[in-house]
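Examination of the molecular architecture
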Amino acid sequence: MHRRPLTAAHHHCAAAEPDADRDGRCAAGHRRAGGRAAGGRAARSAAWSSPGSRTPPHRTTRPLLTADGRPVRLTGSSARTLLARAGQTALLGLDGTTASFAADLSEVEEIEALRLATAHASADLRGLATTLPEPLAATLAYARGLLYWNRHARHCGTCGAATASAEAGHLRVCQGPDCGRQLFPRIEPAVIVLVEGPGPQPRCLLARHHGAGPDGFSLLAGFVEIGESLEGSVRREVGEEAGVTVGVVTYQGSQGWPFPAGLMVGFVAQAVDDTIAVDGRELTEARWFTRAEIVERVRNGPGSGPADSIGGRLLRSWAGFDRPPLPHAEV
């Protein structure tokens, strides 16, 4: 992997949807506006004027908070006033006839943004998410991701002209006279893998990255490269970083990570032998841990990582604490 460091410990957010429904709903219970389930242009227009619509305001991708530390969610005339002042809005989805909008107040001075939102402060969602109910955290994560993308797609990558927001914040269109390119939100897929050792004794591979503490072992993870399959990425990452050759790769589940636009895909892989040869660039150490050692780490040691992370779920499931993330699919 030749991009920014990526470790299992970095991937935790309550926006994870391991058991998301198949009818277009997100973990927050909305029908997401990015697909047909949220309705067409007429439905979106009606949602804008609905008196019950909810708006979680953000400023510089940080949700605004009430005096008691809860995320602000405005409704009625207060929401419509805020939406009118926002530099960017995006329809997140519909819960029945109730719409949820994201609003970016980054172009408004902080004091004025707090006044408009009747807020007292802002917070980093990564630290806030674990304290919130999952549906609310999922809504805020979705809002953050869409607003971030809109702020960073203001110019066309083909001709350099400005782009304009369309389709309720889910599309940007180049305004260049001879271009008109359409830009859609993108994601950056990454893989995370629990590698099982060969032989009758259950063992799994954990590694320690540069900068991690003496006992800061975690699962291997890395970004998917252009032209690569997810399974190929697993095999390459494990081979490049730890010098371990794997055979069967089994899909386990996935997790959204909108910081800014990631998707973490989890796997279990089978090593063909015990050989370990760390690359020395990203890893300082890697070794095999028995199931008893993992159980001890989860119960009394450094743990398995954040409770809402797919890496933690993979490790706890392997140790016998949690159910598997999803039915297995071997490749």
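As shown above, the structure is provided for reference.
Residues numbered from 1 in each chain as written. Predicted model: local features only at pLDDT ≥ 70, side-chain atom pairs only at ≥ 80, totals over all residues. Heavy atoms only, no water.

Topic: the sheet that holds strand E10 (residues 171-174)
Strand order in the open sheet formed by 3 strands is E9-E10-E11, and the pairing between neighbours is antiparallel. Of all the strands in the sheet, just strand E9 (163-166) and strand E11 (182-183) have a single pairing partner and so form its edges. Pairing of E10 with E11 involves 2 bridges; the strand directions are antiparallel. Looking at the pairing, Arg172 lines up with Leu183 of E11. (Pairing = 2+ DSSP bridges. Helix = DSSP H or I, 4+ residues; strand = E, 2+ residues; numbered from the N terminus.)

As for the packing of aromatic side chains
Counted by the stated rule, this structure contains 3 aromatic pairs. Measuring from ring centre to ring centre gives 5.2 Å for Phe217 and Phe289, while their planes differ by 65 degrees; the resulting arrangement is edge-to-face. Pair noted here: Phe217 is in strand E14 (residues 217-218) and Phe289 is in strand E18 (residues 283-290), with a separation of 72 residues, a long-range link. The exposure class of Phe289 is buried, given its relative accessible area of 1%. The ring of Phe217 has Arg287 sitting right over it, with the charged end atom 5.6 Å from the ring centre. The aromatic ring of Trp318 is capped on one face by Arg291, whose charged end is 4.3 Å from the ring centroid. (Phe/Tyr/Trp six-rings, centres within 6.5 Å; stacked < 30°, edge-to-face > 60°. Buried < 20%, exposed > 50% of the residue type's maximum accessible area, 1.4 Å probe, protein only. Lys NZ or Arg CZ within 6 Å of the ring centre and 35° of its normal.)

Some details on the packing of helix H7 (residues 291-300) against helix H8 (residues 310-319)
The contact between H7 and H8 brings their axes to 9 Å, and the two run at 125 degrees. Relative to H8, H7 is oriented oblique. Here H7 and H8 pass one another in a crossing that is left-handed. Contact residues: Arg291, Ile294 and Val295 in H7; Leu315, Trp318 and Ala319 in H8. When the residues that make up the contact of H7 with H8 are grouped by side-chain class, the tally is 5 nonpolar, no polar and 1 charged. (Axes fitted to C-alpha atoms, helices over the stretch in contact; angles between N-to-C directions. Parallel < 35°, antiparallel > 145°, perpendicular 65-115°, else oblique. Left-handed = near helix turned anticlockwise from the far one by under 90°. Contact = heavy atoms within 4.5 Å. Nonpolar A, V, L, I, M, F, W, Y, C, P; charged D, E, K, R; others polar.)

Describing the pattern of salt bridges
As a working rule, side chains carrying opposite charge can pair if their charged atoms are close by. Counted under the stated rule, the structure contains 12 salt bridges. One salt bridge in this structure joins Arg297 and Asp215, with 2.9 Å as the shortest N-O distance. Taken together, the residues Arg297 in helix H7 and Asp215 in the loop between strand E13 (203-209) and E14 connect sequence positions 82 residues apart. It is possible to trace a salt-bridge network through shared partners that takes in Glu228, Arg236, Glu237 and Glu240. (Salt bridge = Lys/Arg side-chain N within 4 Å of Asp/Glu carboxyl O.)

Taken by themselves, the reported measurements are silent on function.
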